[in-house]
Amino acid sequence: MKILVCISNVPDTTTKVKFVDGLKKLDETGIQWVINPWDELSLTRALELKDDPANGIEKITVAHVGLVGSEPTIRKALAIGADDAIRINAAPADAYYVACQLVDVIKADPYDIIFCGIESSDFNGSTVGGMLSELLGIPSVSAVSSLSLENGGIVMTREIDGGKETVTISTPVVAIVQKGITKEPRIPSMRGIMMARSKPINVSEPSARDSLTEIVQYEMPKPRAACKLVDPENPAELINLLQNEAKVI
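Rules of the game
Residues numbered from 1 in each chain as written. Predicted model: local features only at pLDDT ≥ 70, side-chain atom pairs only at ≥ 80, totals over all residues. Heavy atoms only, no water. Helix = DSSP H or I, 4+ residues; strand = E, 2+ residues; numbered from the N terminus. Buried < 20%, exposed > 50% of the residue type's maximum accessible area, 1.4 Å probe, protein only. Contact = heavy atoms within 4.5 Å. Areas by Shrake-Rupley, 256 points an atom, 1.4 Å probe, with all protein chains shown as cover. Lys, Arg positive; Asp, Glu negative; His and termini not counted. Charge placed at Lys NZ, Arg CZ, Asp CG, Glu CD. Pairing = 2+ DSSP bridges. Axes fitted to C-alpha atoms, helices over the stretch in contact; angles between N-to-C directions. Salt bridge = Lys/Arg side-chain N within 4 Å of Asp/Glu carboxyl O. Arc of directions from axis to C-beta.

## A closer look at the overall build of the protein chain
Scanning the protein chain from N- to C-terminus turns up 6 helices and 13 strands. By principal-axis analysis of the C-alpha atoms, the protein chain measures approximately 70 × 45 × 40 Å. Counting every position in the protein chain, which comprises 249 residues, the buried fraction comes to 39%. Taking the contacts inside the protein chain whose residues are at least 6 apart along the sequence as the reference set, 71% of them involve residues at least 24 apart. Accessible surface, the protein chain as shown: approximately 14,300 Å² in total, 53% of it carbon and sulfur. Averaged over its 25 positive side-chain charges, the protein chain has a centre that lies 4 Å from the centre of its 33 negative ones.

Laid out in structure tokens, this is it:
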């Protein structure tokens, strides 16, 4: 059984976001790039499955759509434990473009389980996993919070309104995972970092695909209002502000 984990290269969540060119382009100066947190959890769960020989996991591959500057992030995935990596040499124009590029790679070398994080921490689109499923013509399960291999099938638990749902499905399948799929992301060991240097990153040239969306302009959030202090002996003023200004009661 082979597993593919799709990973995104995103700014660290502590990054101070700035835009240039009239709010049309992200200023990448000084940004620390990391593996998308949901993708990192997906990779960790895939490695946990491989740790058990009874599961019969032969290989775990990570795939990423991005230019050469994203290779340090891919190397981190290899250091965590992935066996090899595929980098599709293209800027990730939009979710549809990314999904199409991944589909071409997967069709050339099919996988049994394809892991996707439920969203990326930069655009929060939550669409690539579903697009992969549709374009490949295979089933997907979304909002997956646990996944195990039992009796030749895959058992997943997913979050639904008011509770959880457990489903059993056969391969191939796209698993769109969220937090809960594993407790903590796996940290690269020194041995893993050293081994990652010799693990292959197979570079694939992109196919001719069009993106469906275009970024016209970003908009910064409005500045927060100044903090108002209310005399503790004047609860009427506090109630008035909560009702008529904050509109929370």
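On we go.
## Examining the sheet that holds strand β10 (residues 153–160)
Spatially, 9 strands are ordered β11-β10-β9-β12-β8-β1-β6-β7-β13 in an open sheet, and the strand pairing comes out mixed. Each end of this open sheet is capped by a strand with a single partner; those strands are β11 (163–169) and β13 (201–204). Sheet twist, expressed as the average angle between the axes of neighbouring strands with direction ignored, equals 30°. As paired elements, strand β7 (residues 84–88) and β13 share 4 bridges and run parallel to each other. By the bridge assignment, alanine 85 is partnered in β13 with isoleucine 201. Strands β1 (2–6), β6 (59–65), β8 (113–117), β9 (140–150) and β12 (173–177) of the sheet are contacted by helix α1 (residues 37–51), whose axis makes an angle of about 150° with β8.

## Quick look at the pattern of salt bridges
Counted according to the given criterion, the structure contains 10 salt bridges. Of the charged contacts in the structure, one is a salt bridge between lysine 76 and glutamate 40, with a shortest N-O distance of 3.4 Å. Taken together, the residues span a long stretch of sequence, with lysine 76 in helix α2 (residues 71–80) and glutamate 40 in helix α1 at a distance of 36 residues. According to the relative accessible area criterion, lysine 76 is partly exposed, its value standing at 33%. Judged by relative accessible area, which is 12%, glutamate 40 ranks as buried. Salt-bridge contacts for lysine 59 lead to aspartate 84; the nearest nitrogen and oxygen are separated by 3.4 Å. With lysine 59 in strand β6 and aspartate 84 in strand β7, this residue pair connects regions lying 25 residues apart in the sequence. Among the residues examined, lysine 59 registers a relative accessible area of 24% and is labelled partly exposed. What makes aspartate 84 buried here is its relative accessible area of 11%.

## Considerations on helix α4 (residues 128–136)
Among all positions in α4, only Gly129, Leu132, Ser133 and Leu136 are buried. For α4, the buried positions fall inside an angular range of 95° around the axis, keeping them on one side. The elements touched by buried residues of α4 are β1, α3 (95–108), β8, β9 and β12. Once α4 finishes, glycine 137 follows within two positions and takes phi at roughly 75°, a positive value.

From the geometry alone we can't say anything about function, so treat these as descriptive.
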